[in-house]
Amino acid sequence: SSAVTSSTKIVLNLESLGSLPADEAGPLARYASTIQAQRHDYNGKVLSIRAEDLKSLAIIYDMSPDELTSRLIEWGVLSPGMESVVGFGGP
Ligand code: C2E
Ligand code: C2E
Ligand code: C2E
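A.B. asks: Describe the site of ligand 3, listing the residues and the values that go with them.
C.D. replies: The immediate surroundings of ligand 3 are formed by Lys9, Arg39, Ser48, Ile49, Arg50 and Ala51. One nitrogen or oxygen atom from the side chain of Lys9 is found 3.2 Å from an oxygen atom belonging to ligand 3. Backbone polar atom of Ala51 to an oxygen atom of ligand 3: 2.8 Å apart, as the coordinates give it. A total of 780 Å² of accessible area belongs to ligand 3 in isolation, and the protein chains cover 36% of it. Its residues assigned to classes, the shell around ligand 3 comprises two nonpolar, one polar and three charged.

Right, dumping it as structure tokens:
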């Protein structure tokens, strides 16, 4: 089970996201642009998303939330500090 909690703030780095190959980042990039459009929030370098959205994205990518978190860190889309807040590799 995932250790993502209500105190976990997920902040996507939009510059890193924009420089990834479309075949890998495509679904995430579309998800993020949809949220930006819904909020009318187009000028940020980062985008805070709901913890619930990470679960939806994990389903889209056919991974557990922890696996997706690790992938997002590899891609540079999440800061490595996220490992500890999501309990990645923890007990
Ligand atoms: P909604 O879910 O009905 O939220 C309406 C408004 O409540 C939002 O308008 C925002 O001002 C505020 N709000 C709701 N939850 C939060 C929150 O956790 N933090 C903050 N700071 N404000 C919150 P906004 O931003 O114009 O968004 C309009 C609609 O766009 C939202 O309606 C929702 O349907 C969608 N949306 C926006 N951001 C996200 C997101 O990160 N994930 C998802 N799944 N939907 C989002
Ligand atoms: P924070 O949430 O730690 O965000 C720090 C900075 O990251 C923000 O500075 C902003 O430049 C950027 N940022 C974070 N999430 C987003 C995002 O989804 N879209 C965009 N465009 N930028 C984002 P800023 O704007 O000076 O805000 C400073 C602090 O004020 C924020 O720290 C947060 O604690 C609070 N804050 C600002 N706007 C809102 C808001 O709409 N709702 C809530 N709940 N807090 C807000
Ligand atoms: P969360 O749902 O995990 O959302 C994390 C952050 O994503 C929010 O931090 C906010 O920066 C951004 N966010 C999420 N949904 C929206 C949205 O609809 N519009 C905008 N502009 N930003 C959004 P924030 O605001 O510091 O909120 C922290 C937590 O507090 C949220 O975590 C959620 O659990 C709760 N919360 C805040 N506002 C609302 C709300 O209006 N309705 C509900 N149900 N929960 C809220």
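Following the structure, the description resumes.
A.B. asks: Could you give an account of the packing of aromatic side chains, with specific residues and numbers?
C.D. replies: Here a ring pair, both rings aromatic, is described through the centre-centre distance and the interplanar angle of the planes. Within the structure shown, the criterion is met by one aromatic pair. On the basis of an interplanar angle of 65° and a centroid distance of 6.2 Å, the ring pair of Tyr61 and Trp75 is categorised as edge-to-face. Of this pair, Tyr61 sits in the loop between α3 (51-60) and α4 (65-74) while Trp75 sits in the loop between α4 and α5 (82-85); the two residues are 14 residues apart in sequence, bridging distant segments of the chain. As far as burial versus exposure is concerned, Tyr61 and Trp75 are alike and both buried.

A.B. asks: Can you explain the confidence of the model for the protein chain? Please cite residues and give values.
C.D. replies: In low-pLDDT regions, the fine details of the predicted coordinates are not to be read closely. Averaged over every residue, the pLDDT of the protein chain is 85; the share at 70 or more is 80%. Contacts of residues 87-91 to residues separated by more than four positions or lying in other chains number four contacts, the stretch itself having pLDDT below 50.

A.B. asks: How would you sum up the packing of helix α2 (residues 22-39) against α3? Please name residues and give values.
C.D. replies: Contact geometry for α2 and α3: axes closest at 10 Å, N-to-C directions at 150°. Where α2 crosses over α3, the two elements pack in a sense that is right-handed. Between α2, through Pro27, Leu28, Tyr31 and Ile35, and α3, the contact on the second element is made entirely by Asp53, Ser56, Leu57 and Ile60. A class-by-class count of the residues in the contact of α2 with α3 yields six nonpolar, one polar and one charged.

Cut-offs used in this document
All residue numbers refer to position in the chain's written sequence, counted from 1. The order in which chains are written sets their letters, starting at A; the order in which ligands are written sets their numbers, starting at 1. Restriction of local features to residues with pLDDT of at least 70 applies here, the model being predicted, together with a cutoff of 80 or more for giving and counting side-chain atom pairs; totals for whole chains, interfaces and linings are based on all residues. Excluded from the side-chain calculation are hydrogens and water; included are all heavy atoms of the structure. We call a residue near a molecule or strand whenever a single non-hydrogen atom of that residue lies within 4 Å of it. Any pair of nitrogen or oxygen atoms within 3.5 Å is treated as a polar contact; in protein, a donor-acceptor pairing is required on top of that, and neighbouring residues in sequence qualify only through side-chain atoms on both sides. Accessible areas in this description were obtained via Shrake-Rupley with a 1.4 Å probe; residue shielding takes into account the shown protein chains only. Residues are grouped as follows: Ala, Val, Leu, Ile, Met, Phe, Trp, Tyr, Cys and Pro are nonpolar; Asp, Glu, Lys and Arg are charged; all remaining types, including Gly, are polar. Only Phe, Tyr and Trp rings are paired, with Trp represented by its six-membered ring, and only when their centres lie within 6.5 Å; those with planes under 30 degrees apart are stacked, over 60 edge-to-face, the remainder tilted. Strands here mean DSSP runs of E at least two residues long; helices mean DSSP runs of H or I at least four residues long; both are numbered from the N terminus. When accessible area is computed with a 1.4 Å probe and restricted to protein chains, residues below 20% of their type maximum are described as buried, those above 50% as exposed, and intermediate ones as partly exposed. Each residue gets a pLDDT score, which is the predictor's confidence in that residue and runs from 0 to 100. The criterion used for residue contact is that any of the two residues' heavy atoms lie within 4.5 Å. With axes taken as lines fitted to C-alpha atoms, and helix axes fitted only over the stretch in contact, angles between N-to-C directions fall between 0 and 180 degrees. Two helices crossing with the near one rotated counterclockwise from the far one by less than a right angle form a left-handed crossing, whereas a clockwise rotation gives a right-handed crossing.

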